[in-house]
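Chain by chain, the residues:
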Amino acid sequence: MKIGSRDFEFGKRTYIMGILNVTPDSFSDGGKYDMVDNAVRHAVEMIEEAADIIDIGGESTRPGHEEVSGEEEIRRVVPVIEKIREVSDIPISIDTSKASVARAAIEAGADMINDVWGFLKDPMIAAVAVQANVPCCLMHNSNDTVYKDFIPEVLEALKESVQVAVEAGVPEDLIILDPGIGFGKTVEQNLEMMAHLEDVANLGYPVLLGTSRKSMIGKTMDLPVDQRLEGTLATTVFGIVKGCSIIRVHDVKENERAARMTDIMLGRRGWNG
């Protein structure tokens, strides 16, 4: 799969997506990078730490977050994308569920759409992906945590997202899936989803895993958000073994090292011994 100017050979190694929240209220780093210069500086740091993709979000998706308008989201993300594009050809993903934001971000230099509602919230966002011919990550989400048969329902919802994308004209080889850890799921359901990640991988698309510093780790281990690195690393390694291809994280250096060691143990890449 080509993302931006770079080729991604899923299955040969794990790729790292660095999180850049340009929001005042994200659960882990809200307010830290909502100034353009700070955001760009952090993006460069993540690139130097071996991030393969930078994922930029202008609206918090934490539980209970305050929704913002498309205009405000664009105001937050576009200057950051433009500035990053001046200093690097790193693939940039726009984390949004709004077609207007996706379009503006791509025009500014973004290379991929990462939709936490899997193209099921804004019916026009799939058309943006088609027109721009960019890859898209479709995540499972839900307004509540009530399921009759949890894992099968998640898989069916992901298939529905794929169907929406394909029927709009998105090539299947430009689709990535995300099981949506932390979205529309209880802690117990998140842990069950982790145990069944191979079922998502078996749908036949690359899988993106986003567990970094999330409440599943915090509540399981009774740790605050700034002490969840080790728990995140455990989920990274586990996810790779279960078939995930992209890991979305705040702590790029540590997760890249864990992913690289895991890839070597799995025989996916060599080492310099």
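All figures in this text were calculated on a predicted structure; none of them were measured in a lab. Position numbers for residues count from 1 along each chain, tracking the sequence in the order it is written. Given that this is a predicted model, residues contribute local features only at a pLDDT of at least 70 and side-chain atom pairs are listed and counted only at 80 or more, while totals for whole chains, interfaces and linings are drawn from all residues. As a rule here, side-chain values come from all non-hydrogen atoms in the structure, and water together with hydrogens is ignored.

A word on helix H5 (residues 150-168)
- Helix and strand assignments come from DSSP, with helices taken as H or I runs of at least 4 residues and strands as E runs of at least 2, each series counted from the N terminus. By this rule, a helix spans an expected 1.5 Å times one less than how many residues it contains. Between its first and last C-alpha, H5 extends 27 Å over 19 residues, near the 27 Å set by a 1.5 Å rise per residue.
- Summarising the contacts, the buried residues of H5 are in contact with strand E7 (136-139), strand E8 (175-178), helix H6 (187-195) and helix H7 (197-201).
- Where H5 terminates, the next one or two residues include glycine 169, which has phi positive at roughly 115 degrees. Only heavy atoms enter the contact rule, under which two residues are in contact if any of them lie within 4.5 Å.

Looking at helix H2 (residues 70-87)
- Between its terminal C-alpha atoms H2 stretches 26 Å, which fits the 26 Å expected from 18 residues at 1.5 Å a residue.
- The bend reported for a residue corresponds to the angle between axes fitted to the seven residues ending at that residue and the seven starting there. At valine 77, H2 shows its largest kink, close to 25 degrees, and the proline proline 79 lies no more than four residues downstream.
- All of the buried residues along H2 are Gly70, Glu73, Arg76, Val77, Val78, Val80, Ile81 and Ile84.
- Buried-residue contacts for H2 involve strand E3 (15-21), helix H1 (36-48), strand E4 (53-57), strand E5 (92-95) and helix H3 (99-108). Buried means the residue's accessible area, taken with a 1.4 Å probe over protein chains only, is under 20% of the maximum for its type, while exposed means over 50%, and partly exposed covers the values in between.

Quick look at the packing of aromatic side chains
- Geometry of aromatic contacts follows a simple scheme: Phe, Tyr and Trp rings, the Trp one being its six-membered ring, pair when their centres are within 6.5 Å, and the pair is stacked under 30 degrees between planes, edge-to-face over 60, tilted otherwise. The final tally for this structure, using the stated rule, is 4 aromatic pairs.
- Between phenylalanine 8 and phenylalanine 10 the ring centres are 6.1 Å apart and the planes differ by 40 degrees, which places this aromatic pair in the tilted class.
- An aromatic cluster is defined as three or more aromatic residues linked by ring pairs; in this entry it consists of Phe8, Phe10 and Tyr15.

Concerning the pattern of salt bridges
- One side-chain nitrogen of Lys or Arg within 4 Å of one carboxyl oxygen of Asp or Glu is enough to make a salt bridge. One pass over the structure, following the stated rule, counts 18 salt bridges.
- In this structure, lysine 98 engages glutamate 59 in a salt bridge whose closest nitrogen and oxygen atoms are separated by 2.8 Å. Taken together, the positions of lysine 98 in the loop between E5 and H3 and glutamate 59 in the loop between E4 and H2 put the pair 39 residues apart, joining distant regions of the chain. Here the two residues lysine 98 and glutamate 59 agree in accessibility, since each one is buried.
- Note that aspartate 263 and arginine 268 form a salt bridge whose closest N and O atoms lie 3.4 Å from each other.

A look at the packing of H3 against helix H4 (residues 125-132)
- Two elements in contact, H3 and H4, have axes whose closest approach is 8 Å; the angle formed by their N-to-C orientations is 20 degrees. Accordingly, the angle class assigned to the pair H3 and H4 is roughly parallel. Between H3 and H4 lies a crossing whose hand is right-handed. Taking contact as the criterion, the partners of Ala99, Ala102, Arg103 and Ile106 in H3 are, on H4, Ile125, Val128 and Ala132.
- Of the residues that constitute the contact of H3 with H4, the class distribution is 6 nonpolar, no polar and 1 charged. Axis lines are fitted to C-alpha atoms, over the contacting stretch for helices. Their N-to-C directions set the angle, which ranges from 0 to 180 degrees. Angles below 35 degrees are treated as roughly parallel, those above 145 as roughly antiparallel, those between 65 and 115 as roughly perpendicular, and all remaining angles as oblique. Note on convention: near helix rotated counterclockwise from far helix by under a right angle means a left-handed crossing. Clockwise means right-handed. Put simply, Ala, Val, Leu, Ile, Met, Phe, Trp, Tyr, Cys and Pro go in the nonpolar bin, Asp, Glu, Lys and Arg in the charged bin, and everything else, Gly too, in the polar bin.

Details of the nonpolar core
- Core analysis: the biggest nonpolar cluster contains 63 residues, and Leu20, Ile56, Ile84, Ile113, Phe119 and Ile175 have the highest contact counts within it.
- The next biggest cluster of nonpolar side chains, apart from the first, holds 10 residues, and it includes Ile3, Tyr15, Ile53 and Leu208. What makes a nonpolar core is a set of buried Ala, Val, Leu, Ile, Met, Phe, Trp, Tyr and Cys residues whose side-chain atoms join them at distances within 4.5 Å.

Topic: the side chain of arginine 76
- As for its placement among the helices and strands, arginine 76 is situated in helix H2.
- Only 3.0 Å separates the side chain of arginine 76 from the side chain of glutamate 72, close enough to count as a polar contact.
- When residues no more than four places from it in sequence are discounted, the contact partners of arginine 76 are Val22, Thr23, Pro24, Gly58, Glu59 and Val68. Two N or O atoms form a polar contact when they lie within 3.5 Å of each other; inside protein one atom must be a possible hydrogen donor and the other a possible acceptor, and for residues adjacent in sequence the pair counts only when both atoms belong to side chains.

Considerations on unusual backbone geometry
- Its identity is not glycine, yet alanine 50 carries a phi of approximately 85 degrees, on the positive side.
- Even without being a glycine, phenylalanine 119 presents a positive backbone phi close to 65 degrees.
- Along the chain, phenylalanine 119 turns up in the loop between strand E6 (112-115) and H4.

Some points on the confidence of the model for the protein chain
- Per-residue pLDDT for the protein chain averages 94, and the proportion of residues at 70 or more is 95%.
- A residue's pLDDT is the confidence the predictor assigns to it, expressed on a 0 to 100 scale. Within the model, pLDDT remains below 50 along residues 26-31, and this stretch shows 21 contacts once partners closer than five positions in the same chain are excluded.

Here's the deal with the sheet that holds strand E9 (residues 208-209)
- With respect to topology, 8 strands assemble into an open sheet ordered E8-E7-E6-E5-E4-E3-E10-E9, the strand pairing being parallel. Across the chains shown, the open sheet's two edge strands, defined by having one partner strand only, are E8 and E9.
- When DSSP locates at least two bridges between a pair of strands, those strands are taken to pair. The sheet contact formed by E4 and E5 spans 4 bridges and is parallel. When the bridges of E5 are listed, isoleucine 54 appears paired with isoleucine 92.
- Where H1 meets the sheet, its contacts fall on E3 and E4, and the angle it forms with E3 comes to roughly 165 degrees.
- Running at roughly 165 degrees to E3, helix H10 (residues 252-265) makes contact with E3 and strand E10 (246-249) of the sheet.

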